[in-house]
Amino acid sequence: MRFLEGRKFLKALNWKNIREEADQRRGVDAPPLQKRVPAGAKLIKLPDFGELVSRSIPLVKAIENRQSIRSYAEHGVTLEELSFLLWATQGVRKVLPNKVAAFRTVPSGGARHAFETYVYARMIEGLDSAIYRYVPLDHALYEYHNEEKLDSKIVDACLDQKFVASGAAVFFWSVIPYRAEWRYASVAHKMLAIDAGHVCQNLYLACETIDCGTCAIGAYDQEAVDQLLKLDGIEEFVIYLAPVGKKKQSDD
Ligand SMILES: Cc1cc2nc3c(=O)[nH]c(=O)nc-3n(C[C@H](O)[C@H](O)[C@H](O)COP(=O)(O)O)c2cc1C
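Procedures and definitions
Here the residue numbers are simple positions, counted from 1 along each chain's written sequence. Confidence filtering applies because this is a predicted model: local features only for residues at pLDDT of at least 70, side-chain atom pairs given and counted only at 80 or more, and all residues used for totals across whole chains, interfaces and linings. Strands are runs of DSSP state E lasting at least two residues, helices are runs of H or I lasting at least four, and both sets are numbered from the N terminus onward. Only the C-alpha atoms count toward the radius of gyration. The rule for a globule is 2.2 Å times the residue count to the power 0.38. We call a residue exposed when 12 or fewer other C-beta atoms sit within 10 Å of its C-beta, buried when the count reaches 20 or more, and partly exposed for counts in between; the C-beta positions come from the backbone. Contact between residues is assigned whenever the C-beta positions, reconstructed from backbone atoms, fall within 7 Å. Nearness here is judged by the C-beta atom: place it from the backbone, and if it falls within 6 Å of a molecule or strand, the residue counts as near that partner. Side-chain classes follow a simple rule in which Ala, Val, Leu, Ile, Met, Phe, Trp, Tyr, Cys and Pro form the nonpolar group, Asp, Glu, Lys and Arg form the charged group, and the remainder, Gly included, forms the polar group. Any helix carries an expected span of 1.5 Å times its number of residues minus one. We treat two strands as partners when DSSP finds at least two bridges between them. The axes are straight lines fitted to the C-alpha atoms, using for helices just the contacting stretch, and the angles between their N-to-C directions are given from 0 to 180°. The term nonpolar core refers to a group of buried residues, namely Ala, Val, Leu, Ile, Met, Phe, Trp, Tyr and Cys, whose C-beta atoms join them within 7 Å. For a crossing to be left-handed, the near helix must be turned anticlockwise from the far one by less than a right angle; the clockwise case is right-handed.

A separate point is the overall build of the protein chain. Along the protein chain, the regular secondary structure elements total nine helices and nine strands. Computed over the C-alpha atoms, the radius of gyration of the protein chain is 18 Å, within 12% of the 18 Å expected from 2.2 N^0.38 for a compact globule of 252 residues. Going through the 252 residues of the protein chain one by one, you find that 38% of them count as buried. Contacts in the protein chain between residues at least 24 apart in sequence constitute 76% of all its contacts with a sequence separation of at least 6.

This brings us to the site of the ligand. In the region of the ligand, the neighbouring residues are Gln67, Ser68, Arg70, Gln161, Cys215, Ala216, Ile217, Gly218 and Ala219. When the residues that make up the shell around the ligand are grouped by side-chain class, the tally is four nonpolar, four polar and one charged.

Let us now look at helix α5 (residues 79–90). In this model α5 runs 16 Å from its N-terminal to its C-terminal C-alpha over 12 residues, within 8% of the 16 Å that 1.5 Å per residue would give. With 10 of 12 residues buried, α5 is to be regarded as a mostly interior element.

Bringing the sheet that holds strand β5 (residues 130–135) into the picture now. Taking strand neighbours across the sheet as the criterion, the seven strands line up as β1-β6-β5-β4-β7-β9-β8 in an open arrangement whose pairing is antiparallel. The open sheet has two free edges, formed respectively by β1 (44–45) and β8 (212–214), since each of these has just one partner strand. Pairing of strand β7 (residues 169–175) with strand β9 (residues 237–246), which is carried by seven bridges, proceeds in the antiparallel orientation. Note that in β9 the partner of Phe172 across the bridge is Leu241. Where helix α8 (residues 188–209) meets the sheet, its contacts fall on β4 (115–121), β7, β8 and β9, and the angle it forms with β9 comes to roughly 5°.

Our focus in this paragraph is the environment of Glu5. Relative to the elements of secondary structure, Glu5 occurs in helix α1 (residues 4–9). The spatial distance from the C-alpha of Glu5 to the C-alpha of Asp195 is 21 Å, given a sequence separation of 190 residues.

A few words now on the environment of Asp195. By the secondary structure assignment, Asp195 is in helix α8. Exposure remark for Asp195: the 24 C-beta atoms within 10 Å place this residue in the buried category. Between the C-alpha atom of Asp195 and that of His113, which follows or precedes it by 82 residues, the distance is 8.0 Å. Non-local contacts of Asp195, meaning those with residues more than four positions away in its chain, are made with Ser108 and Gly109.

Turning our attention to the nonpolar core. Core analysis: the largest hydrophobic core is formed by 63 residues, its most contacted members being Leu85, Ala169, Phe171, Trp173, Leu203 and Leu241. Looking at which element gives the most residues to this core, the answer is α8, with nine residues. Among residues more than four places away in sequence, those in contact with Leu85 are Leu203, Ala206, Cys207 and Val244.

Once that is clear, we can look at the pairing of β7. Counted residue by residue, β7 has seven buried out of seven residues, so it is predominantly covered. Covered by surrounding structure in β7 are Ala169, Phe171, Trp173 and Val175 together with Val170, Phe172 and Ser174, the residues of both alternating faces.

Right, let's talk about the packing of α5 against α8 for a bit. What describes two packed helices is the angle between their axes and the distance between those same axes. Where α5 meets α8, the axes come as close as 8 Å, and the angle between the chain directions of the two elements is 145°. For the pair α5 and α8, the crossing hand works out as right-handed. Two secondary-structure elements touch here, α5 through Phe84, Leu85, Ala88, Thr89 and Gln90 and α8 through Val199, Asn202, Leu203, Ala206 and Cys207.

A word on unusual backbone geometry. The backbone of Lys149 shows a phi angle near 55°, a positive value even though the residue is not glycine. With respect to the helices and strands, Lys149 occurs in the loop between β6 (140–145) and α6 (150–157). When the 9 C-beta atoms within 10 Å are taken as the criterion, Lys149 is described as exposed. In this structure, Asp211 is a non-glycine residue whose phi angle is positive, near 65°. With respect to the helices, strands and loops of the structure, Asp211 is situated in the loop between α8 and β8.

Next up, the structure:
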């Protein structure tokens, strides 16, 4: 039968093996909560967004209105808005005193939070156009990488989905599988796929509240996107991405 191997990955198998397989059970130290920030990287502290959310629409409206938006206004978003969207998708609520786990604005199996966020800032007020990495423990960004023709490289890597590089920003979520494998061994991968959905759903809902739109992107060239973000494709690779832009007004 076709696709049996793929289906297996979605099943709750192998729980019994965790005791023998998982590094956590063997006393191996927990991996770091976030990827190291390179020495000398200049952190850009993200602004408070309290005033912005005080004007936001109710959650029930956001759920009702949510849809995938593939066409964006010509103008960008503010740093305050970006700050809110990063917090909503991967913001840290609390770090355990032993630093083995953190709790964030999204759920994650075993609180492993195995994702990193990279943002291509196309039209963010106050940020040069470049790819930035989010540093959740500091709620900050640093410029991660820049090169020519990012728009067309991103579109190519997203299988010619042109709208992906037409908004204010693109969120790329990478996964560092070992963060979850440390606890869940071969069960980790099902958890990671589920976890990614929560992150993007929060982006959809948060976007709705500030008159932005997004669209989950699962159709992309894995190697090309990993290369663009300088990821090794083994210990860290992109799992999901989503462009964000202001919704078009009727006169846009
Ligand atoms: C995992 C996943 C991957 C997706 N990948 C793409 C994509 O690559 N391109 C695209 O245009 N839409 C993509 N979408 C958006 C879906 O097409 C969209 O959610 C679906 O048509 C339902 O429409 P709605 O979100 O407006 O309710 C994806 C959605 C999900 C959840």
